[in-house]
Amino acid sequence: MHQLPNPVFMRRAIQLATENVESGRGGPFAAVIVRDGAVVGEGANSVTTMLDPTAHGEVMAIRASCRSLATFSLAGCQLYTSCEPCPMCLAAAYWARLDAVYYACSSADAARAGFDDAYLYEEMRKDRTGRAMPMTQMLSDEAWVSFAAWIASPDKIEY
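Rules and cut-offs
Residues numbered from 1 in each chain as written. Predicted model: local features only at pLDDT ≥ 70, side-chain atom pairs only at ≥ 80, totals over all residues. Heavy atoms only, no water. Helix = DSSP H or I, 4+ residues; strand = E, 2+ residues; numbered from the N terminus. Contact = heavy atoms within 4.5 Å. Polar contact = N/O pair within 3.5 Å; in protein donor to acceptor, adjacent residues only side chain to side chain. Pairing = 2+ DSSP bridges. Right-handed = clockwise from strand over helix to strand, strands pointing away. Salt bridge = Lys/Arg side-chain N within 4 Å of Asp/Glu carboxyl O. Buried < 20%, exposed > 50% of the residue type's maximum accessible area, 1.4 Å probe, protein only. Patch = residues over 30% accessible without salt bridge, like charges linked within 9 Å, V, L, I, M, F, W, Y side chains within 5 Å. Areas by Shrake-Rupley, 256 points an atom, 1.4 Å probe, with all protein chains shown as cover.

Some remarks on the environment of Lys-156
Phase 1: The residue Lys-156 is located in the segment after α7 (140–152) in this model.
Phase 2: Once the C-alpha coordinates of Lys-156 and Pro-87 are considered, the two residues, 69 residues apart in sequence, prove to be 29 Å apart.
Phase 3: Every residue in contact with Lys-156, bar those within four places of it in the chain, is listed here: Trp-150 and Ile-151.
Phase 4: Here Trp-150 takes part through its backbone oxygen, which lies 2.9 Å from a polar atom of the side chain of Lys-156.

Written out as structure tokens, the structure is:
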């Protein structure tokens, strides 16, 4: 069931983002995940402290929420994030099966602060052969063994 957005949760995400900067722990991004009107996980940008370029606020909140709910699916949950998700975080929100995303600042606001995701959006729209980072397929026949094992496995947990 789709929940109406609640400004209390957005204010918490904004508070976490601000505290993250003021404490020197990371960038101005944070997120809160809510299920049935209760926070199930929070996260703040930890890229520089964790030395992990994937440690964005939304990803950290998804990880915390999955741990607290003991599941890999966040269906039934909503994401409140201090800024419009970057392409990686938006993809993570889809993979997590979140019901909705609510954001405060826009990607244009982030660009004004020096965080411009436009390049990433442009690269994603390009054909693989036209991207700045070369991508070369190799050993696809050998790699199919992994997919064949998945297809044949009676013990797989589909997601």
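Quick word on the pairing of strand β4 (residues 100–105)
Phase 1: In the sheet, strand β3 (residues 77–83) pairs with β4 via five bridges, with the strands oriented parallel. Following the sheet pairing, Leu-79 is matched in β4 by Val-101.
Phase 2: Note that the unit made of β3, helix α4 (residues 87–95) and β4 has a crossover that is right-handed.

Concerning the pattern of salt bridges
Think of it this way: side chains of opposite charge can pair up when their charged atoms draw near.
Phase 1: Within the structure shown, the criterion is met by four salt bridges.
Phase 2: Between Lys-126 and Glu-123 there is a salt bridge, with its nearest N and O atoms 2.7 Å apart.
Phase 3: Looking at Lys-126, the relative accessible area reads 36%, which means it is partly exposed.

Observations concerning a nonpolar patch on the surface
Phase 1: Where nonpolar side chains cluster on the molecular surface, the patch consists of Phe-72, Trp-95, Trp-144, Phe-147, Trp-150, Ile-151, Ile-157 and Tyr-159 and spans about 1000 Å² of accessible area.
Phase 2: Looking at the nonpolar patch, the element that brings in the most residues is α7, giving four residues.
Phase 3: Inspection of the secondary structure assignment puts Phe-72 in the loop between α3 (57–69) and β3.

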